[in-house]
Amino acid sequence: MISKRLVNLMALFLISALLLNACSPAATPAATPAPAEPTKAPAATEFKFGLILVGPYNDHGWSEAHYQAGKYIESKIPGAKMVYVDNVNPGAKPGVTVPQLVDDLVGQGVKIVFTTSDDFKDGTLEAAIDGLEVAVSGAAAIPADTVLFFKDKLGLRIDEAYGVTETSPGITINTEDEWKLGSVGKPFHGVKVAIFGGENNKMQPGEEGEIAVCGENVFAGYFKDDERTKKVLREIDGETWYFTGDIGMIDSGGFLAITDRKDDMLVPTSGENVTSASVENKLAFHSRYVGYAVPYGTRRDYVIAVVWTDETKHDNIFADAEKLGIDSDDIEEILADERFRELLEQDLRRALEVGGFNSHERPQDPRFTGDVTETREKFHNSKQSLYGLSLIH
């Protein structure tokens, strides 16, 4: 039986191969009709893709999965040719370097290279950055400042994309002509994306809801699991939609942004849904000291959040502590100082005022406790008499 990981891999190779094939130079049409005689179909343009396999190509593992996926592409795409090197584990062969391997493959006419191990990650970047024109990022969110660093400092555009196994897998992607920072782009050709609220109602541009996908790329269901299938596939207005479980919004320009997972949705007694990521991102962006936040509010009258610093905010803490006359290079000691505690509460209040919080997601009356145990006791054992927003290290 073909594994889900192998199906994903085949889909990835197939998309890459199709893109390469689509980018191949097309023949210029003749100015006059060809003579009326039988003609032969033009030969397919050859394009090569390379594989760097850590293990043997027949190891019954991940290397063989890549190899078999490559062979599948060869059989399905006219002109496709795989060039591979295998059994190059850097632990077994310390002299092997990715730049050398990539140079060798490029010398054989290879246009795109895949590798099977994170052991090659740094070397792959070193070898590929020279001459690389575009990179595609998926699977997890990439910080905007990272995207801008590559774009502004290295001249490399990173196109964020979005897809899941159940959609084979591509859903949306940014492109050179249609690119927006912070989004995962627009739908692939033939794919429809919509945002749904409660009762399967489609949301308007700019409104959050669950991301759903419709198209021939959507799977038929989970193998021998009808109950699970019914939870994610829904018939709406004669079309089958796959509900991803991801929360997002589509702007007026058609760009999709992912904001949260449905499992992380908070539902206070007001009935207004609150996304955890929205609360955390707004606090972290508008505060000089907050790095992370864990909001909570399901079945409660309000949202509460535990927040703490991280390394990205330490410079701010040291600088402001020095202004207060606090002579210390210890973060915990600074946070415990009464003078800095007052500054913390001022900062949190300011973040809440300018952070663009909706009334139902805004934590009220922030309090600084400085201790996670005390915070838990306050939130869970004091009948919720205080709205909590606590900063811990």
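To be clear, the structure that these remarks concern was listed above.
Nothing here was measured: the structure is a model prediction, and the numbers come from that model.

Rules of the game
Residues numbered from 1 in each chain as written. Predicted model: local features only at pLDDT ≥ 70, side-chain atom pairs only at ≥ 80, totals over all residues. Heavy atoms only, no water. Helix = DSSP H or I, 4+ residues; strand = E, 2+ residues; numbered from the N terminus. Buried < 20%, exposed > 50% of the residue type's maximum accessible area, 1.4 Å probe, protein only. Contact = heavy atoms within 4.5 Å. Phe/Tyr/Trp six-rings, centres within 6.5 Å; stacked < 30°, edge-to-face > 60°. Lys NZ or Arg CZ within 6 Å of the ring centre and 35° of its normal. Pairing = 2+ DSSP bridges. Expected span 1.5 Å × (residues − 1). Arc of directions from axis to C-beta. Polar contact = N/O pair within 3.5 Å; in protein donor to acceptor, adjacent residues only side chain to side chain. Salt bridge = Lys/Arg side-chain N within 4 Å of Asp/Glu carboxyl O. Core = buried A, V, L, I, M, F, W, Y, C linked by side-chain atoms within 4.5 Å. Patch = residues over 30% accessible without salt bridge, like charges linked within 9 Å, V, L, I, M, F, W, Y side chains within 5 Å. Areas by Shrake-Rupley, 256 points an atom, 1.4 Å probe, with all protein chains shown as cover. Lys, Arg positive; Asp, Glu negative; His and termini not counted. Charge placed at Lys NZ, Arg CZ, Asp CG, Glu CD.

Tallying secondary structure elements over the chain gives eleven helices and 17 strands in all. Every one of the 393 residues in the chain was classed for burial, and the buried ones make up 40%. Partitioning the contacts of the chain with sequence separation of at least 6, the portion at a separation of at least 24 is 55%.

With that out of the way, let us pick up the packing of aromatic side chains. If you walk through the whole model with that rule in mind, you get nine aromatic pairs. Measuring from ring centre to ring centre gives 5.9 Å for Y57 and Y84, while their planes differ by 50°; the resulting arrangement is tilted. Of the two residues, Y57 is situated in the loop between strand 1 (47–52) and helix 2 (62–76) and Y84 in strand 2 (residues 80–85); the sequence distance between them amounts to 27 residues. On the basis of relative accessibility, which here comes to 32%, the residue Y57 falls in the partly exposed class. Here F149 and F150 contribute two aromatic rings whose centre-to-centre distance is 5.8 Å and whose plane-to-plane angle is 90°, an arrangement assigned as edge-to-face. Aromatic rings pair up to connect Y57, Y67 and Y84 into one cluster. Lying over the aromatic face of W179, K151 brings its terminal NZ or CZ to 5.9 Å of the ring centre.

This paragraph deals with the pairing of strand 6 (residues 170–173). Bridge count between strand 5 (residues 157–163) and strand 6: three bridges; the pairing is antiparallel. In the strand pairing of strand 6, G163 is matched with G170. With antiparallel pairing between neighbouring strands as the criterion, strand 5 and strand 6 make up a hairpin whose turn holds six residues, including S168 at a positive phi of roughly 70°. In the sheet, strand 6 pairs with strand 7 (residues 186–187) via two bridges, with the strands oriented antiparallel. Residue pairing for strand 7: I173 is matched across the bridge by K186.

Here we come to the environment of V136. Of note, V136 is situated in strand 4 (residues 134–137). Accessibility expressed as a relative area gives 56% for V136, which makes it exposed. Taking the C-alpha atoms as reference points, V136 and Y162, 26 residues apart in sequence, are found 10.0 Å from one another. V136 has contacts with D159, A161 and I173, leaving out every residue within four places of it along the chain.

The next thing to look at is unusual backbone geometry. With glycine set apart, most residues show a phi of negative sign, and most peptide bonds adopt trans. Along the chain, S168 connects to P169 via a cis peptide bond; the corresponding omega equals -20°. Within the secondary structure layout, P169 lies in the loop between strand 5 and strand 6. Phi at S168 takes a positive value of approximately 70°, unusual for a residue other than glycine. Positive phi, close to 60°, is recorded for E199, a residue that is not glycine. As for its placement among the helices and strands, E199 is situated in the loop between strand 8 (192–196) and strand 9 (209–214). With a relative accessible area of 73%, E199 lands in the exposed category.

Under the 1.5 Å per step criterion, the end-to-end length of helix 10 (residues 338–354) is 25 Å for 17 residues, consistent within 8% with the ideal 24 Å. Residues of helix 10 that are buried: F340, L344, D347, L348, A351 and L352. Down the axis of helix 10, the buried side of the element spans an arc of 135°, and every buried residue falls inside it. Among the exposed residues of helix 10, those pointing more than 90 degrees away from its buried face are E338, E342 and E353. One side-chain oxygen of the residue at the start of helix 10 lies 2.8 Å from the amide nitrogen of R339, identifying that residue as D337. Directly beyond the C-terminal end of helix 10, a positive phi value near 75° is found at G356.

As a further point, take the pattern of salt bridges. Within this structure, the stated rule accounts for nine salt bridges. Of the charged contacts in the structure, one is a salt bridge between R157 and D159, with a shortest N-O distance of 2.8 Å. One salt bridge in this structure joins E178 and K186, with 2.8 Å as the shortest N-O distance. Judged by relative accessible area, E178 falls into the partly exposed class, the value being 37%.

This brings us to the sheet that holds strand 4. Taking strand neighbours across the sheet as the criterion, the four strands line up as 4-5-6-7 in an open arrangement whose pairing is mixed. Each having just a single partner strand, strand 4 and strand 7 make up the two edges of the open sheet.

If you look at the biggest cluster of nonpolar residues, it comprises 17 residues, and the most contacted ones within it are Y162, V193, F219, Y242 and L256. Elements that contribute at least two residues to this core include exactly strand 8, strand 9 and strand 11 (239–250). What V193 contacts, discounting residues up to four positions off in sequence, is I171, T172, P187, I211, A212, W241, I250 and L256. Judged by nonpolar contacts, the second largest core, of 13 residues, contains V274, V279, L348 and A351.

Sheet analysis places strand 11 next to strand 12 (residues 256–261), joined by five bridges and oriented antiparallel. Across the sheet, the residue bridging to D246 is R261, located in strand 12.

Let us look at a negative patch on the surface. A cluster of acidic side chains, namely E322, D327, D329, D330, E332 and E333, defines a negative patch on the protein surface. Here D330 shows up in the loop between helix 8 (314–323) and helix 9 (331–336).

Interpretation note: all reported values are geometric properties and have no functional meaning in isolation.
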